[in-house]
Amino acid sequence: MSKRKVDGSERMSIDDEKEDVSMVDATAGTTDTSSEGGQHQHDFSSLFDVDAIDASQRQSYVTILDKAYERANSATENWGNISRTVKIGRMVMMLGDVLRESGITGADRDRYWERVAPFFEIREKSDLVDHGPMIDQSAAASAFDLDYTSHADDAAFLTHLEEQRKIFLKRRQRGPQGNAPFFAVIQSSGYGKSRLISQISACRDQQYDVIYWTFASKQAYPPKNVEISELQFNSLRREALEKALHREISVAVGNAQSGRQADSETIFIRLGTNTKPPQMQQRTDQKRIIFVVDEASELLGKFTSDGVSFYRALRTAFTKFETEASWLFFVVMSTFSSITYLSPELAMDPSFKPYSGYDDVNQNPLNPFILGSSFRVNNDRHAILTKTVEECHDPQCLYSMGRPLWKALLTCATPMFTHELLSYGRKKLRNSLDNDIKLTKKEEILAVLSVRLCLSISPTSWYVPSLVACHMGTALSISEDRMSMVVTYPSEPVLAVGAKMFMKNQENIGRMISALQDFLTHGAVDRGYKGELIVRLLMTLAMDKAMGSTGVKEVRLKDYLVHFNRNGADVSKLIEGLESSGCEDFDVEEELKKLKRLNLDWPDSRAILEDKKRNLSAQASRGPTYADSHVCFTHFVYLSKSIQGDLITHDLLRYAYRRSAAIVVEEGRRGIDKVIPLRVEEDKFVGLVVQDKNRVSDTLQSLTNADNDATHHKVNVEYFLTEAEKETFRSAGVDLERNWPAILFAVGVDKVGAEVATQLEQKRFRRNNVSDTDRFNFPCIVLTGLDYFNLMSDEAADRLKKLRNFEFVPSLQKREDIPITYGS
């Protein structure tokens, strides 16, 4: 590196292409010949990717980088304890001072930045945005290149675009606003946001040109095609970055207008000698431009010297194009769902500057677009029902059900194995790069429980943005004030089966139960159905035990129910009572003797009893017992109210069983809380119906008593099914004269117990209208109390009791302060 005297000071020139080869590899230390030949050990290699830089190119900048690093180190207390991101920011701040003191200014400084930026790239690991697990880029590329399957959002997106354009242009008629002509597209990973844009771009007959920028991490696909020189803009104020972004956007739009777009080129946004953007030209054709910025959340954790995020600078750059909104519109895409950042409410937007006469009602940000219909691509009910259960439960088919990502990874040119997909799904659910199954963060616990138990998550919970951004939650809707968002976890077997691994760990189960109590306390989860959550957890753990370590397999109902055995409450002895016809124990001669003792023996008594014997025999011969039917579920799904009203149909049970799903019935359904599909024959289904009870006052005797309405009338198919629903089962050949098996969980009761409910049947005789009653088993097992120690550890079982007994009670001071609400 040559040196020159400029204005009496020694200045380093980067114009000289000759390098001083006396310096050794920067990763092992440097020999600086300007320092009397002494050894000088630097440490900035821990912050920058120096291994990828050729030594001859690296040496020109070592001296200046060393000075910047030393200054940042000496000026910062506890340097060794602060994060890498903070170290980089402080070093870059010092780097600007070192350049100025060395006399490197103007064009020379610009050339310095241009050379150093591509080589000394910051290892991006934002504290705000976690990239999460990545897949092999070749696999991602081949999955991205699969034939595109159209869905409703293809047209809906363009319709939304034009609607937002009209709103924006209408607002502009009121006068200049300084607002940005853009809206956000929000959805979690794997729904095909980037693929949708790619498809629009590929359709040349469309009336749109598409410019696509992505700030994704280098491991993602599509890969990053825009680089912002952090080394420059971290040390400068926001205006410099805004001008640079304005210039590069203008260049990209100009290239699109002239047909010079080059998708493969990477755009480097740096300081330049020419800061004036090129003149924008109005379009003479009918085509409009969609300028898409993907993975914009990557810019939220990077800041200029005055504390403005790179994303905010990008938004400000958008405002420079409001006069071109009739043919140029911006679309920001990200999994990061915090709309307060991506499309903030006006009062929350620090970039907004009110002007005289502005109307705050009409200044709200444009409505975001929530991608969702792509989920239907691999979840067509009719197509799934044309396949057999065995075909659907094959991992290649089962794990394809869900967002488009899963099937793409299984069927692309370089496909994943199913066990690899399960592992990847677990990592995506946790937002972690490792294979550790230990759950520690509340967000990942909430995600796992939601996937398996179908939690009702509060739209205003602060967990919501993180669930969509990092933990595979699906956004359904966003409020106009951007303060709440409805998030759900639809039926995705690959996530449910992957999450089974977390629930095999007893420590995780204990943490989940404690976390549930915390979620209920702070309103993250609806506290109105605590008992239902406990029952779902118990049923899921029992199913996992019955299935074993395999992914998904059918088990007999009797083999499933035995996992509810407890000390002093043996369920295995009660299982046959689920469908006991009474034929085996009914003896005509013994019954006649009973009648004689009661002086009720009339000539037609034998005929009556023999008729009953025949009826019981016919009932026993109706087919396989329900105890021998098969059950198979890995997760619960919520049955929302349907416009048609025919909800629990035979086809619904067929469909849920093929997805390995159990059903939480809709609010307002009388009699039952859950239906577990049971496969009685090849493609004939009934349900294991479940009712939850939280009352402390219940007893095993009262619940099993023959006149108990809850265990007899309410769990009878004649009560909880509508006439239209019953007809779907009759049409499928299901005998509705046989009661479906049922379980009543009385979790509010302390005493542990298990018994089959009984019912009374009245016997009428023809003479003198004399009658008697017989007591028969009703197919409903009543389980009282908790203590399911075979499903969880003693510690977890104790935590479950605490959760059951938990009630949110404000402090005494609060109750005294607000007596109207909490009483005296």
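For clarity, every value in this text was computed on a predicted model and none was experimentally measured. (Residues numbered from 1 in each chain as written. Predicted model: local features only at pLDDT ≥ 70, side-chain atom pairs only at ≥ 80, totals over all residues. Heavy atoms only, no water.)

Of the regular secondary structure elements, the chain holds 30 helices and 22 strands. Across the chain, every contact between residues at least 6 apart in sequence was considered, and the portion connecting residues at least 24 apart equals 74%. Here the chain has roughly 36,900 Å² of accessible surface; of this, 47% comes from carbon and sulfur atoms. (Helix = DSSP H or I, 4+ residues; strand = E, 2+ residues; numbered from the N terminus. Contact = heavy atoms within 4.5 Å. Areas by Shrake-Rupley, 256 points an atom, 1.4 Å probe, with all protein chains shown as cover.)

A word on the packing of aromatic side chains. A ring pair, where both rings are aromatic, is described by two values, the distance of the centres and the angle of the planes. Following the criterion strictly, the structure yields 22 aromatic pairs and no others. Among the aromatic residues, those joined into a ring-pair cluster are Phe182, Trp213, Phe215, Phe291, Phe318, Phe321 and Phe330. Positioned above the aromatic ring of phenylalanine 144, the side-chain terminus of arginine 195 is 5.5 Å from the ring centre. Over the face of the ring belonging to tyrosine 719 we find arginine 670, whose NZ or CZ atom lies 4.3 Å from the ring centre. (Phe/Tyr/Trp six-rings, centres within 6.5 Å; stacked < 30°, edge-to-face > 60°. Lys NZ or Arg CZ within 6 Å of the ring centre and 35° of its normal.)

Here the focus is helix α28 (residues 794-805). Spacing of three or four residues puts side chains on the same side of an α-helix, whose turn is 3.6 residues. Under the 1.5 Å per step criterion, the end-to-end length of α28 is 17 Å for 12 residues, consistent within 8% with the ideal 16 Å. By the burial criterion, the buried members of α28 are Ala796, Ala797, Leu800, Leu803 and Arg804. Considered in projection along α28, the buried side chains sweep an arc of 110° and stay on one side of the axis. Opposite the buried face of α28, at more than 90 degrees from it, the exposed residues are Lys802 and Asn805. In this fold, the buried residues of α28 make contact with α19 (506-521) and α20 (530-547). (Expected span 1.5 Å × (residues − 1). Buried < 20%, exposed > 50% of the residue type's maximum accessible area, 1.4 Å probe, protein only. Arc of directions from axis to C-beta.)

Spatially, 5 strands are ordered β6-β9-β10-β5-β11 in an open sheet, and the strand pairing comes out parallel. With one partner strand each, in any of the chains shown, β6 (208-214) and β11 (369-370) form the two edges of the open sheet. Where β6 meets strand β9 (residues 288-294), 7 bridges bridge the pair, whose relative direction is parallel. Across the sheet, residue valine 210 finds its bridge partner in β9, namely isoleucine 290. Sheet strands touched by helix α8 (residues 238-258): β6, β9 and β10 (328-334). Its angle to β6, the strand with the most contacts, is close to 145°. (Pairing = 2+ DSSP bridges. Axes fitted to C-alpha atoms, helices over the stretch in contact; angles between N-to-C directions.)

Turning our attention to the pattern of salt bridges. Inspection of the entire model under this criterion finds 34 salt bridges. Its salt-bridge partner being glutamate 248, residue arginine 247 comes within 4.0 Å of it at the nearest N-O pair. The class for glutamate 248 is buried, based on a relative accessible area of 16%. The network of salt bridges with shared partners includes Glu390, Glu554, Arg679 and Glu682. (Salt bridge = Lys/Arg side-chain N within 4 Å of Asp/Glu carboxyl O.)

This brings us to unusual backbone geometry. With a phi close to 60°, asparagine 431 is a non-glycine residue in the positive phi region. The backbone of cysteine 454 shows a phi angle near 60°, a positive value even though the residue is not glycine. Mapping cysteine 454 onto the fold places it in the loop between α16 (442-453) and α17 (464-470). You can call cysteine 454 buried: its relative accessible area is 14%.

Moving on: the packing of α16 against helix α18 (residues 493-503). For the pair α16 and α18, interaxial distance at closest approach is 9 Å and the crossing angle is 125°. The angle between α16 and α18 places the two elements in the oblique class. Between α16 and α18 the crossing geometry is left-handed. Residue-level inspection shows Val448, Val451 and Arg452 of α16 in contact with α18, the latter providing Leu495, Ala496, Ala499, Lys500, Phe502 and Met503. Of the residues in the contact of α16 with α18, the class split is 7 nonpolar, no polar and 2 charged. (Parallel < 35°, antiparallel > 145°, perpendicular 65-115°, else oblique. Left-handed = near helix turned anticlockwise from the far one by under 90°. Nonpolar A, V, L, I, M, F, W, Y, C, P; charged D, E, K, R; others polar.)

Before going further, it helps to spend a moment on the nonpolar core. Counting residues in each nonpolar core, the largest one holds 141 residues, and the members touching the most others are Leu455, Met539, Tyr560, Phe564, Trp740 and Phe745. When residues of this core are assigned to their parent elements, the largest contribution, 11 residues, is made by α20. Sequence-distant contacts of leucine 455, that is, excluding residues within four places in its chain, are made with Leu446, Leu449, Ser450, Leu516, Val525, Tyr529 and Leu533. Core analysis: the next-biggest nonpolar cluster, separate from the first, contains 33 residues, Ile249, Ala252, Leu314 and Trp327 among them. (Core = buried A, V, L, I, M, F, W, Y, C linked by side-chain atoms within 4.5 Å.)

Bringing the environment of methionine 91 into the picture now. In this structure, methionine 91 sits in helix α2 (residues 84-101). Between the C-alpha atom of methionine 91 and that of asparagine 234, which follows or precedes it by 143 residues, the distance is 9.7 Å.

This brings us to the side chain of asparagine 225. Relative to the assigned elements, asparagine 225 resides in the loop between β6 and β7 (226-228). Of note is the side chain of asparagine 225, whose polar atom sits 2.8 Å from the backbone nitrogen of threonine 214. (Polar contact = N/O pair within 3.5 Å; in protein donor to acceptor, adjacent residues only side chain to side chain.)

What follows is about the environment of tyrosine 788. With respect to the helices and strands, the residue tyrosine 788 is situated in the loop between β22 (771-784) and α28. When the C-alpha positions of tyrosine 788 and leucine 800 are compared, they lie 9.6 Å apart, and in sequence the two are 12 residues distant. Apart from residues lying up to four places away in sequence, tyrosine 788 is in contact with Leu538, Phe564, Arg566, Phe745 and Leu783.

This part takes up the pairing of strand β18 (residues 674-681). Burial runs high along β18: 7 of the 8 residues are buried. Here strand β15 (residues 630-631) runs beside β18; their pairing, made up of 2 bridges, is antiparallel. Looking at the pairing, histidine 630 lines up with arginine 679 of β18. Pairing geometry for strand β17 (residues 661-664) and β18, over 2 bridges, is antiparallel. Note that in β18 the partner of isoleucine 663 across the bridge is valine 675. As paired strands, β18 and strand β19 (residues 684-693) are joined by 7 bridges and run antiparallel to one another. Within β19, the position partnered with lysine 674 by the bridge is valine 690. Between β18 and β19, which pair antiparallel and follow one another directly, the connecting turn spans 2 residues.

With that out of the way, let us pick up the confidence of the model for the chain. Chain-level pLDDT for the chain is 76 on average; 68% of the residues reach the 70-or-more range. Long-range and interchain partners of residues 1-42, a stretch whose pLDDT sits below 50, account for 77 contacts in this model, where long-range means more than four residues apart. Residue range residues 337-361 is modelled with pLDDT below 50. Its contacts to residues more than four positions away, or to other chains, number 57 contacts. (pLDDT = per-residue confidence, 0-100.)

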